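Working through the structure, step by step
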Amino acid sequence: TVPILVLKGKINKPYDLWADEFDANDEMRSLKYGIKSRYRGHKVNDPTEVRIVMYTPSLEEFEHHLQTNSDLRALKSGSNDTGSDNLIYCIAHAA
């Protein structure tokens, strides 16, 4: 089974700019880590609170990507805190 990640985080720039930067990293995430983005959007009444759905070959690959690439780290630092508690994700498994 393939882990499906549902991520929630805050961003500190306009959503359209963040989305363009996020989308620009899609190919890198796919080729380097096998991570596939399936959805990205924002809360209806708060464009600084984003949601992302991704498939990843393993949680280890996702954690490695999270530690070494800035596109998802931006979610962690979207608020004034620097801790990873700002990035919340849950895991499901595709059959």
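Residues numbered from 1 in each chain as written. Predicted model: local features only at pLDDT ≥ 70, side-chain atom pairs only at ≥ 80, totals over all residues. Heavy atoms only, no water.

When helices and strands are counted, the protein chain shows 4 helices and 4 strands. If you list the helices and strands of the protein chain from N to C, you get β-α-α-β-β-α-α-β. Counting every position in the protein chain, which comprises 95 residues, the buried fraction comes to 35%. (Helix = DSSP H or I, 4+ residues; strand = E, 2+ residues; numbered from the N terminus. Buried < 20%, exposed > 50% of the residue type's maximum accessible area, 1.4 Å probe, protein only.)

Let us look at helix 1 (residues 15-24). Along helix 1, the positions that sit buried rather than exposed are Tyr15, Trp18, Ala19 and Phe22. Within helix 1, the buried residues cover an arc of 100 degrees as seen down the axis, which keeps them to one side. In helix 1, the exposed positions that point more than 90 degrees away from the buried face belong to Asp16, Asp20 and Ala24. (Arc of directions from axis to C-beta.)

Next up on the list: the packing of aromatic side chains. For the structure shown, the criterion picks out 2 aromatic pairs. Pairing Tyr15 with Trp18 gives two aromatic rings, centres 5.7 Å apart and planes at 40 degrees, and the pair type is tilted. You can see Tyr15 and its partner Trp18 sitting in helix 1, 3 residues apart, about one turn around the helix. For the pair Tyr15 and Trp18, a shared accessibility class is recorded, and that class is buried. Put simply, the rings of Tyr15, Trp18 and Phe22 touch in pairs and so form one group of aromatic residues. Positioned above the aromatic ring of Phe22 is the side chain of Arg29, whose terminal nitrogen or guanidinium carbon lies 4.0 Å from the ring centre. (Phe/Tyr/Trp six-rings, centres within 6.5 Å; stacked < 30°, edge-to-face > 60°. Lys NZ or Arg CZ within 6 Å of the ring centre and 35° of its normal.)

Close contact between helix 2 (residues 26-33) and helix 3 (residues 59-68) brings their axes to 11 Å; oriented N to C, the two are set at 130 degrees. The orientation of helix 2 with respect to helix 3, classified from their angle, is oblique. The two elements helix 2 and helix 3 meet at a crossing, and its hand is right-handed. For the pair helix 2 and helix 3, the contacting residues are Met28, Arg29, Lys32 and Tyr33 in the first and Glu61, His64, His65 and Thr68 in the second. Taken together, the residues of the contact of helix 2 with helix 3 break down into 2 nonpolar, 3 polar and 3 charged. (Axes fitted to C-alpha atoms, helices over the stretch in contact; angles between N-to-C directions. Parallel < 35°, antiparallel > 145°, perpendicular 65-115°, else oblique. Left-handed = near helix turned anticlockwise from the far one by under 90°. Contact = heavy atoms within 4.5 Å. Nonpolar A, V, L, I, M, F, W, Y, C, P; charged D, E, K, R; others polar.)

Our next topic: the pairing of strand 2 (residues 36-43). Pairing between strand 2 and strand 3 (residues 46-55): 7 bridges, direction antiparallel. Counted as the bridge partner of Lys36 is Tyr55 from strand 3. What sits between strand 2 and strand 3 in their antiparallel hairpin is a turn of 2 residues. (Pairing = 2+ DSSP bridges.)

Moving on to the nonpolar core. Counting residues in hydrophobic clusters, the biggest one holds 15 residues, and the most contacted among them are Trp18, Ile52, Met54, Phe62 and Leu72. Residue assignment for this core shows that the elements contributing at least two residues are strand 1 (2-10), helix 1, strand 3 and helix 3. With residues near it in sequence (within four places) discarded, Met54 still touches Pro3, Ile4, Leu5, Leu7, Phe22, Arg29, Ile35, Lys36, Ser37, Arg38, Phe62 and Leu72. (Core = buried A, V, L, I, M, F, W, Y, C linked by side-chain atoms within 4.5 Å.)

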